[in-house]
Amino acid sequence: MDSLPVELVQSIFALLPPLSVLKFTRINKRIRSSIVSESFAALSLCHLTRSDLTTSLNLAILFSVGVPATFKTVYARLLANNAVITLRGAERLLLKNGSVLPSMIPQQIGLVTSLRSLDLTGGKASGPLPAELSLLKNLNTLNLKGNKHDSEVPDLSGLPYLTILNLSFNELSGRLDSAKFPTSLVRLLLDGNQLEGTISDMSAFKNLLHFSACGNRLTGNIPDSFCRGCPLLEVLLLKNNQLSGPLTPAMSRWTALQVLDLSLNHLTGGMRDVCQCLALRTLDLSCNNFSGPLDPGLGNLRDLWTLNLAKNHFSGPVPAAVGNLRALVRLWIEDNDLTGRLPADFGNLHQLSFVSLSGNLLVTKLPEGIEYCPEGLITGLREQRSVRQERTRQWLRHIFRSK
């Protein structure tokens, strides 16, 4: 083959799927450079289009690691030039990490009705999300994470098989309207956008396991309908919004909830209701306005690994029931109004490796009657003692200077 003219070799290889070309390793540099050229990639596409081989292309393979960048470039140009029609019949379209993505998702994407998976993660695509996405009736995964789309979320409620929708880290705005999403969703990720309003009625999302909308502008509180309508929910992440008001007793319906992050909001009231979510492994209520005593119901969360209640207004003693959290590894309760001595039941927390207690009025001595003291607790008490001593020194300096 080395003796054949370059043009003839290109024509031969152009009849093969691009990935097959990579298998020919024993060819000289002259031929190799020609088959990864942009002209060859265009010729290959021409043959594929004529012979209708695009109906069997697996685009997830075409855009995998190892395929010449020129093929990716030309395929991306197809999208940019509104030639998506040549991709009819494809089931997966994977264009990740920005190097080959078009600047906008063209309206013609709606012609590729065979698509089951569309992944444009980490690109540079901007502008509005085309309404034609709603024509992809066979879609079950849509991942547009990490782009710069700046429109409202289009109506995707007519996609009956969509189970995974990731629109995180774009610039999407407007009201969060659950009516725009199909009730078939299992994972809905909307982090890092500019979505506003309250969490609307989610009662129809019976299969939802994961809902994440951190870093938006959501207001109000968690509605009862959300708790009753999503009984299978395992992960709820609403960190860094503008949520307010107390937690709802309906949270007890979330018997499968394992991860709950409501930090950096304006939530108020106590924490009794969240203590009914017995499957919790990670609970983060930090940086809110919760108040009142730590509920003894905390002791029922026996699978809890991480507990963060820092920077609230919890008061009173730490309940002995905390000693039931024998799986607990990390504990933050600093910057509250807690008082008294830690219970001896802390000796049951053999897995505890980190404790943060500073900014309270807790006694800094080891609990009385404790038989085993986790290293994390010793460190936490030592740090709290140091912080208190430093604050005392600063106060004394201020007194003497004022005189």
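Everything in this summary refers to the structure shown in the same document. (Residues numbered from 1 in each chain as written. Predicted model: local features only at pLDDT ≥ 70, side-chain atom pairs only at ≥ 80, totals over all residues. Heavy atoms only, no water.)

Structural notes on the pattern of salt bridges
Okay, step 1: One pass over the structure, following the stated rule, counts 6 salt bridges.
Okay, step 2: Measuring nitrogen to oxygen at the nearest pair gives 3.9 Å for the salt bridge that ties D224 to R228. Of the two residues, D224 and R228 both sit in helix α7 (residues 224-229), 4 residues apart, roughly one turn of that helix.
Okay, step 3: Across the pair R272 and D295 runs a salt bridge, and its minimum N-O distance is 3.2 Å. Of this pair, R272 sits in the loop between β15 (266-269) and β16 (282-284) while D295 sits in the loop between β17 (289-293) and β18 (306-308); the two residues are 23 residues apart in sequence, bridging distant segments of the chain.
Okay, step 4: By relative accessible area, which is 15% here, D295 ends up buried. (Salt bridge = Lys/Arg side-chain N within 4 Å of Asp/Glu carboxyl O. Helix = DSSP H or I, 4+ residues; strand = E, 2+ residues; numbered from the N terminus. Buried < 20%, exposed > 50% of the residue type's maximum accessible area, 1.4 Å probe, protein only.)

Description of the packing of aromatic side chains
Okay, step 1: Scanning all chains against the criterion turns up 4 aromatic pairs.
Okay, step 2: Judged by centre distance (5.6 Å) and plane angle (90°), the rings of F211 and F226 are edge-to-face. Taken together, the positions of F211 in strand β10 (residues 210-212) and F226 in helix α7 put the pair 15 residues apart, joining distant regions of the chain. With respect to burial, F211 and F226 carry one shared label: buried.
Okay, step 3: Ring geometry for F290 against F314: centres 6.2 Å apart, planes inclined by 5°, an arrangement best described as stacked. Highlighted residues: F290 in strand β17 and F314 in strand β19 (residues 313-316), separated in sequence by 24 residues.
Okay, step 4: One aromatic cluster in this structure is built from F211, F226 and W254. (Phe/Tyr/Trp six-rings, centres within 6.5 Å; stacked < 30°, edge-to-face > 60°.)

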